[in-house]
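Letter by letter, the chains look like this.
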Amino acid sequence: MSTKPPSHHLASMSLSVMDLFQSCRPASMQLNNVSWTQPKAQSAFLSGLNLEIKAGELLTIVGPNGSGKTSLLRCLYRMNPPDQGEVLLDNQSIWSLSAKQCAKRIATVLQDAGHAIGLSVFEMVEIGLTPKSLSWKSSKEDRQIVDKALAALDVLSLKERRFETLSGGEKQRVMIARALAQQPDVLILDEPTNHLDIRHQLEVLELLNQLPCTVIVSLHDLSLAASYADRILIMQAGQIIDCAPPLEALTKEQIRNVFSVESVTHTQPNTPRPSYSFHLETEKEQA
Ligand SMILES: Nc1ncnc2c1ncn2[C@@H]1O[C@H](COP(=O)(O)OP(=O)(O)OP(=O)(O)O)[C@@H](O)[C@H]1O
């Protein structure tokens, strides 16, 4: 028997949003010996990174503040040019593709939920159609795509509102809808659950889990990361410390070493998906 809570909204939204992915060709991505140096820094922050992301995989990226999650994601979506090594999308260097060719296959949801003065929610999401659109004027089919993406993120009722009047969580959901409207083969999201209430956090991860495209998502919540990931990648000080299925990657020792907290892992029967509780080391434990 399923342990998931009933979600009528989720069931209907996933049905229609899956239409958008009918011609999705999930892509693999690869980092080969990638190094990247922060502007004005003396030495590389990301250094010699190697990683293979399988087509259709859901990879979550975790790590403390400043460990390099965003920097790594920027390398993957053709924002940070590596000083050394290569980033491949289906075995082709992303730097041999134009920005537009890349945007046809990779969609991003960034930490700072978009700025737009005067655009409606509908128009914000319509921008997601740009890389693939053949004409300036949106067709009936384009408008249906936008509506389906808005419905999937539970923001269809806001479509006439001006984007800048939305709450932080509503803006975040609109930006995820825009990425879905782009119908990508790879979806990269940088902390997409920031600002979201717990129900919408779970719904977003559940939705990402059902998408056929490759999904790469950074998260601070280790339980959420472990609940849905095929593999978890752990960053620390610009290095990939581990990349493995949740129970293998997030051991008590690993969590202590990387996040400097003590943890208790809670597992449930019939599921490989753990959750965690945390506490700071007590003086008694230190002794
Ligand atoms: N363009 C830049 N110029 C200078 N320093 C940078 C730049 N981009 C990133 N950094 C630095 O690189 C380090 C890694 O930053 P990054 O944003 O990748 O970390 P993160 O793991 O995503 O952090 P957080 O969890 O706080 O979002 C930080 O110390 C940051 O200040």
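Conventions we followed
- Residues numbered from 1 in each chain as written.
- Predicted model: local features only at pLDDT ≥ 70, side-chain atom pairs only at ≥ 80, totals over all residues.
- Helix = DSSP H or I, 4+ residues; strand = E, 2+ residues; numbered from the N terminus.
- Rg over C-alpha atoms; globule rule 2.2 N^0.38 Å.
- Buried ≥ 20, exposed ≤ 12 C-beta atoms within 10 Å, placed from the backbone.
- Pairing = 2+ DSSP bridges.
- Near = placed C-beta within 6 Å.
- Nonpolar A, V, L, I, M, F, W, Y, C, P; charged D, E, K, R; others polar.
- Core = buried A, V, L, I, M, F, W, Y, C linked by C-beta atoms within 7 Å.
- Contact = placed C-beta atoms within 7 Å.
- Expected span 1.5 Å × (residues − 1).
- Axes fitted to C-alpha atoms, helices over the stretch in contact; angles between N-to-C directions.
- Parallel < 35°, antiparallel > 145°, perpendicular 65-115°, else oblique.
- Left-handed = near helix turned anticlockwise from the far one by under 90°.
- pLDDT = per-residue confidence, 0-100.

### Quick notes on the overall build of the chain
Argument step 1. Looking only at helices and strands, the chain has 11 helices and 12 strands in total.
Argument step 2. Rg of the C-alpha trace for the chain: 19 Å, near the compact-globule value of 19 Å for 287 residues, within the 12% margin.
Argument step 3. Counting the 287 residues in the chain, one finds 37% classified as buried.

### What about the pairing of strand S1 (residues 29–36)?
The side chains of a regular strand alternate between the sheet's two faces.
Argument step 1. The sheet contact formed by S1 and strand S2 (residues 46–53) spans five bridges and is antiparallel. Bridging from a neighbouring strand, leucine 31 pairs with leucine 51 of S2.

### A closer look at the site of the ligand
Argument step 1. Neighbouring the ligand are Gln38, Pro39, Phe45, Gly63, Asn65, Gly66, Ser67, Gly68, Lys69, Thr70 and Ser71.
Argument step 2. Split into classes, the residues belonging to the shell around the ligand amount to two nonpolar, eight polar and one charged.

### Observations regarding the nonpolar core
Argument step 1. Judged by nonpolar contacts, the single largest core of 73 residues is most densely connected at Val125, Ala149, Ala177 and Ile216.
Argument step 2. Those residues in contact with isoleucine 216 that lie beyond four places of it in its chain are Ile53, Leu59, Ile61, Leu73, Leu76, Val186 and Ile188.

### Focus: helix H6 (residues 168–181)
Argument step 1. Helix length check: H6 (14 residues) gives 20 Å between terminal C-alpha atoms against 20 Å at 1.5 Å per residue, within 8%.
Argument step 2. Most of H6 is tucked away, with 12 of its 14 residues classed as buried.
Argument step 3. Of the residues flanking the end of H6, it is glutamine 183, one or two places downstream, whose phi is positive at about 50°.

### Focus: the packing of helix H5 (residues 140–152) against H6
Argument step 1. Where H5 contacts H6, the two axes come as close as 8 Å, and the packing angle between them is 135°. By the criterion of interaxial angle, the relationship of H5 to H6 is oblique. Here the hand of the crossing between H5 and H6 comes out right-handed. Contacts between H5 and H6 involve Ile145, Val146, Ala149, Leu150 and Ala152 from the first element and Ala177, Leu180 and Ala181 from the second.
Argument step 2. Broken down by class, the residue content of the contact of H5 with H6 amounts to eight nonpolar, no polar and no charged.

### Describing the sheet that holds S2
Argument step 1. A sheet is described by the order of its strands in space; here four strands give the open sequence S2-S1-S4-S5, paired in antiparallel fashion. The sheet terminates laterally at S2 and strand S5 (92–93), the two strands that pair on one side only.
Argument step 2. Most of the contacts of helix H2 (residues 69–76) go to S1, to which it runs at about 120°, and overall it touches S1, S2 and strand S4 (84–89).

### Regarding the sheet that holds strand S8 (residues 214–218)
Argument step 1. On the basis of which strands lie adjacent, the open sheet formed by six strands has the order S6-S7-S8-S3-S9-S10 and mixed pairing. Both outer strands of the open sheet, strand S6 (106–109) and strand S10 (239–244), are each paired with one neighbouring strand and no more. Direction aside, the axes of adjacent strands within the sheet are offset by 15° on average.
Argument step 2. Bridge count between strand S3 (residues 58–62) and strand S9 (residues 231–236): four bridges; the pairing is parallel. Paired with leucine 59 across the bridge in S9 is arginine 231.

### Topic: the confidence of the model for the chain
Argument step 1. Looking at the chain as a whole, its pLDDT mean stands at 90, while 91% of the residues score no less than 70.
Argument step 2. In the model, residues 1–7 has pLDDT below 50 throughout and makes zero contacts with residues more than four positions away in sequence or in other chains.
Argument step 3. For this predicted complex, the interface confidence comes out at an ipTM of 0.96, alongside a pTM of 0.91.

### Thoughts on unusual backbone geometry
Argument step 1. You will see that glutamate 191, though not glycine, has its phi angle at about 50°, which is positive.
Argument step 2. Among the secondary structure elements, glutamate 191 is positioned in the loop between strand S7 (186–190) and helix H7 (198–210).
Argument step 3. Residue glutamate 191 is classed as partly exposed on the basis of its C-beta count, with 19 C-beta atoms lying within 10 Å.
Argument step 4. Its identity is not glycine, yet histidine 195 carries a phi of approximately 80°, on the positive side.
Argument step 5. Its place among the elements puts histidine 195 in the loop between S7 and H7.

### Some remarks on the environment of lysine 252
Argument step 1. Among the secondary structure elements, lysine 252 is positioned in helix H10 (residues 252–259).
Argument step 2. Judged by the 12 C-beta atoms lying within 10 Å of it, lysine 252 falls in the exposed class.
Argument step 3. Spatially, the C-alpha atom of lysine 252 lies 7.2 Å from that of glutamate 262, the residues being 10 residues apart in sequence.

### Structural notes on the pairing of S7
Argument step 1. Burial analysis of S7 places five of its five residues in the buried class, the great majority of the element.
Argument step 2. Here S7 shows two buried faces, one formed by Val186, Ile188 and Asp190 and the other by Leu187 and Leu189.
Argument step 3. Pairing between S6 and S7: four bridges, direction parallel. Of the residues in S7, the one forming a bridge with valine 109 is leucine 189.

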